[in-house]
Amino acid sequence: MTSSSANGKARRGGILRRLVRNEDGALIILSLQIFLFMLITTGIAIDLVRVEERRTLIQNTIDRAVLAAASLSQKRDPTLVVKDYLTKAGLGYIASDSSFKPTVEGSIAQGWRRVSVEVDDDMPTIFGPLLGVSSLAATGDTTAMQAVGNVEISLVLDISGSMNDLVKDDPNCSKYCTSSKTRFEHLQVAAKSFVNTVFASANSGVAAGRTSVSVIPYSTNVYLGPEMQEGYALSTDFSVTGSDYGMPQCADFVAADYDTMVIDGTGPLTRTMYGTAFKYGDSLDTLVTNNSTANNPSNEVYLNCMDRPENRVIPFSNDPTFLAADISGLIDKLTPGGSTSIDIGTKWGVALLDPSARDEVAKMTSVSSAFRETKPRPIDYDGDTMKVLVLMTDGENQYNYSTLPAYRTGPSGLVSIYAVNGAVNLGSFGPSSTGRKASGVYYYDASRGSTPYYKYETGTWVSRSAITQITQQQQVETATCTQYKNSRGQWKWNSCSVGTSDCTMIGSTSSLRTYTCRKTVMVDIVSEAPLYDVPYEYLYQTKNWNLNTVAGLFAIPYGRTLTAQYDLMANSALERSIKDARTKKLCKAAKDKGIYIFAVAADATPAGKSLLEYCSSGTSYYYEVQGSNLSTAFASIAASISSLRLTN
């Protein structure tokens, strides 16, 4: 090998070695590799963003579409509604695809409709082919259902006397205000509109039988009427005669009855006593002075039960015309009067929502067969049934009263002496200061042993043997009398103890005649007097005394106050605090069962407002309004019920 060849090889070897060791330009290659990776990654990210955007558009569109399509107020074909939403959102290619078919179940007539949609959309990718992915799936699925549930409403309306007060036409008026309507007239308009609204929203194309409304008017008590008495019979422990009294159609409750929503109709309810058991005063003198002894008072506000058939309870009606027609409807026939017993109105309102009333409702022929047989009401507490109590007042709890059963009929405890006054005749005995001392009248208490009779005349307790009578009987007295002949030859009578008007000769001599003489005389005979029990019916109906008067007379033998005796004989709730507590118990029990309580205080007192606010199901369920705004309150309640009854 020549030297030149060797030198050439040496140079080439050095160049290769230098080329291998030289790192200039290596970063460019790496950068190209990283750039390519970043380009592919960014492209995929863009494709993913695009497909997520498409998926979001699809999901949002079909969500809106099924809500509109499932609505029972939607009259168009649900499938067309869904496709129309997709088309307007730029997704018409999905709507026009023959494989796209929304699922529609139920119908307006059935009271429910469910619409389901599934979408599988393949979106072509831009950079996906670099990885062999030509498209990505944008899917969406959704379901919407709207169902009209069953609704039971108890409409508890205050029809007390204060509802007849005129109220300002403009509640915001402060000067020169006009008052053309009473609070009650405003209530009638509001209640009729409420009834029509809840039935219209319930039955618009929907099968009937979903909604029922019970109307419970209340004042001093609740007048049941014939429809309710088919399920809740009233006791017949007393009767009335004459035209002054009618058989009251109200029921009495005691304190324990307010611990539960149930009203047991398996046996007769205690019928409210006829007449008045109102506590007019604390003394007999007050009653007499105020002319307050009558059992049929001139002012019917004092009656135990307002005897007005037009104010009766209508249970479970599905007939808005019967309830709310102008003039001829029940609401337009209601007549205000009496006191305010929110507790009793609430008692009946919640009882007609509680499933325990189902057996009683089954007996009521006035209730439609759909509510008695096909869909027995009240329905159980479940998600398919909305139960609503609408409670309205313009005041606060006041008094209610009746007579306890033991003091209604049969022997009263008062007895009269037959020989003095005759059978069942108290003579001049009565609540006046002089009448209380009348003779011949006793009060009987067997528990007093040997002296069970109180003598009003003397104010003492005596034995039976001390009650005597004096009668007169004819007796014939006889004596033997004589005549003698005087010097002139005349016959003269010797002294004769029985007189000589009736004499019979029994012997004679020339100078002496003997006679048997007679005389009829009246003799006083003292004997035990017959007594006659005076029944309560005589006191209440013939004497026309109210319970307060009778209690005052019965208190005298025991030295009691009239109030103390009244409390023994009356079934009354005279204190607002007691009635408020009873109302609150019922409201809490109802809310615990899921019953919605809407409360309307129209021109109510602070106490009434506080009670109704407590009873309501929350702030949005409580309405504090002036009388002329009752329509606004009831319209809002009707709208709320229509909204709450829809399940989406």
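Quick note: structure is the one above.
Quick caveat, the model's predicted, so the values are computed rather than measured.

**Student:** An account of the sheet that holds strand 9 (residues 385-393) is needed here, citing residue identities and associated values.
**Tutor:** Within a beta sheet, neighbouring strands are joined by backbone hydrogen bonds and run either parallel or antiparallel to one another. Taken together, the six strands give an open sheet; going across it, the order is 8-7-4-9-21-22, and neighbouring strands pair in mixed fashion. Two strands bound the open sheet, and with one partner strand each, they are strand 8 (314-317) and strand 22 (622-625). Between one strand axis and the next, the sheet turns by 15 degrees as a mean value, whatever way the strands run. Lying on the sheet, helix 18 (residues 606-615) is in contact with strand 9, strand 21 (596-602) and strand 22; it crosses strand 21 at an angle near 165 degrees.

**Student:** Talk me through the packing of helix 10 (residues 342-351) against helix 17 (residues 576-592); I want residue IDs and the actual numbers.
**Tutor:** One way to put it is that helix 10 packs onto helix 17 with a least axis distance of 8 Å and a crossing angle of 20 degrees. In terms of axis orientation, helix 10 runs roughly parallel to helix 17. Considering how the two elements wind past one another, helix 10 and helix 17 form a crossing that is left-handed. Across the interface between the two elements, I342, D343, T346, K347 and V350 of helix 10 pack against K579, R582, T583, L586, C587 and A590 of helix 17.

**Student:** Provide a residue-level description of the pattern of salt bridges, including the pertinent values.
**Tutor:** Applying the stated criterion across every chain, the model contains 24 salt bridges. A salt bridge links R312 to E227; its shortest N-O distance comes to 3.0 Å. With R312 in the loop between helix 7 (284-289) and strand 8 and E227 in helix 6 (residues 225-229), this residue pair connects regions lying 85 residues apart in the sequence. The pair R312 / E227 is uniform in exposure class, with both members buried. A salt bridge links K579 to D343, with the nearest nitrogen and oxygen atoms 2.9 Å apart. Placement of the pair is K579 in helix 17 and D343 in helix 10, with a sequence separation of 236 residues. Each member of the pair K579 and D343 is classed as buried.

**Student:** I'd like to hear about helix 18, residue by residue, with values.
**Tutor:** When helix 18 is considered as a whole, its buried residues turn out to be A607, G608, L611, L612 and C615. Buried residues along helix 18 cover an arc of 125 degrees about the axis, so they all sit on one side. Those residues of helix 18 that are buried lie in contact with helix 10, strand 9, helix 17, strand 21 and strand 22.

**Student:** A description of the environment of I637 should follow, citing residues and the corresponding values.
**Tutor:** With respect to the helices, strands and loops of the structure, I637 is situated in helix 19 (residues 630-644). I637 sits in the buried class, given a relative accessible area of 0%. Sequence separation between I637 and A599 is 38 residues; the distance between their C-alpha atoms is 9.3 Å. If we skip the residues at most four places from it in the chain, I637 touches F194, V390, F598, V600 and Y623.

**Student:** Please provide a residue-by-residue account of the sheet that holds strand 15 (residues 468-485), values included.
**Tutor:** Pairing is antiparallel across the open sheet formed by four strands, whose spatial order is 16-15-18-17. Of all the strands in the sheet, the pair left with one neighbour each is strand 16 (491-493) and strand 17 (503-508). The average angle at which neighbouring strand axes cross in this sheet is 25 degrees, direction not considered. Taken together, the three bridges between strand 15 and strand 16 define a ladder with antiparallel strand orientation. Residue pairing for strand 16: Q483 is matched across the bridge by W493.

**Student:** Explain the pairing of strand 12 (residues 441-444) to me, and be specific about the residues and the numbers.
**Tutor:** Where strand 11 (residues 411-417) meets strand 12, three bridges bridge the pair, whose relative direction is antiparallel. Directly across from L414, in strand 12, lies its bridge partner Y443. Bridge count between strand 12 and strand 13 (residues 453-455): three bridges; the pairing is antiparallel. Bridge pairing in strand 13 places Y443 opposite Y454.

**Student:** Talk me through the pairing of strand 11; I want residue IDs and the actual numbers.
**Tutor:** Each regular strand carries side chains that alternate between the two faces of the sheet. With six of its seven residues buried, strand 11 lies for the most part within the structure. Strand direction decides the pairing type here: strand 11 and strand 19 (residues 531-535), joined by five bridges, are antiparallel. Counterpart to I417 in the pairing with strand 19 is L531.

**Student:** I'd like a rundown of the nonpolar core, residues and numbers included.
**Tutor:** The biggest cluster of nonpolar side chains holds 42 residues, and the ones touching the most others in it are V222, M228, Y232, W348 and L612. When residues of this core are traced back to their parent elements, those giving at least two are strand 7 (211-218), helix 10, strand 9, helix 17, strand 21 and helix 18. The element contributing the most residues to this core is helix 10, with five residues. Counting 38 residues, the second largest nonpolar core, distinct from the first, contains F184, F194, V213 and A633.

**Student:** Pulling in residues and values, what's your account of helix 16 (residues 562-569)?
**Tutor:** For helix 16, every residue scored as buried is listed here: L562, Q565, Y566 and M569. In a view along the axis of helix 16, the buried residues occupy a sector of 105 degrees, so they form one face of it. Close packing links the buried residues of helix 16 with helix 7, strand 10 (400-403), helix 14 (536-542), helix 15 (547-555) and strand 20 (570-573).

**Student:** I'd like to hear about the environment of A604, residue by residue, with values.
**Tutor:** With respect to the helices, strands and loops of the structure, A604 is situated in the loop between strand 21 and helix 18. The buried category is assigned to A604, whose relative accessible area is 8%. Along the backbone, A604 and D394 are 210 residues apart, and their C-alpha atoms lie at a distance of 4.3 Å. When sequence neighbours within four positions are dropped, the list of residues in contact with A604 reads T393, D394, G395 and K609.

**Student:** Just give me the short version of unusual backbone geometry, but keep the residues and values in it.
**Tutor:** The linkage connecting R377 with the following residue, P378, adopts the cis geometry, with an omega of -5 degrees. Even without being a glycine, Y176 presents a positive backbone phi close to 55 degrees. Note that Y176 resides in the loop between strand 5 (166-167) and strand 6 (181-182). A relative accessible area of 74% places Y176 in the exposed class.

The rules behind each value
Residues numbered from 1 in each chain as written. Predicted model: local features only at pLDDT ≥ 70, side-chain atom pairs only at ≥ 80, totals over all residues. Heavy atoms only, no water. Pairing = 2+ DSSP bridges. Helix = DSSP H or I, 4+ residues; strand = E, 2+ residues; numbered from the N terminus. Axes fitted to C-alpha atoms, helices over the stretch in contact; angles between N-to-C directions. Contact = heavy atoms within 4.5 Å. Parallel < 35°, antiparallel > 145°, perpendicular 65-115°, else oblique. Left-handed = near helix turned anticlockwise from the far one by under 90°. Salt bridge = Lys/Arg side-chain N within 4 Å of Asp/Glu carboxyl O. Buried < 20%, exposed > 50% of the residue type's maximum accessible area, 1.4 Å probe, protein only. Arc of directions from axis to C-beta. Core = buried A, V, L, I, M, F, W, Y, C linked by side-chain atoms within 4.5 Å.

Structural measurements only, silent on function.
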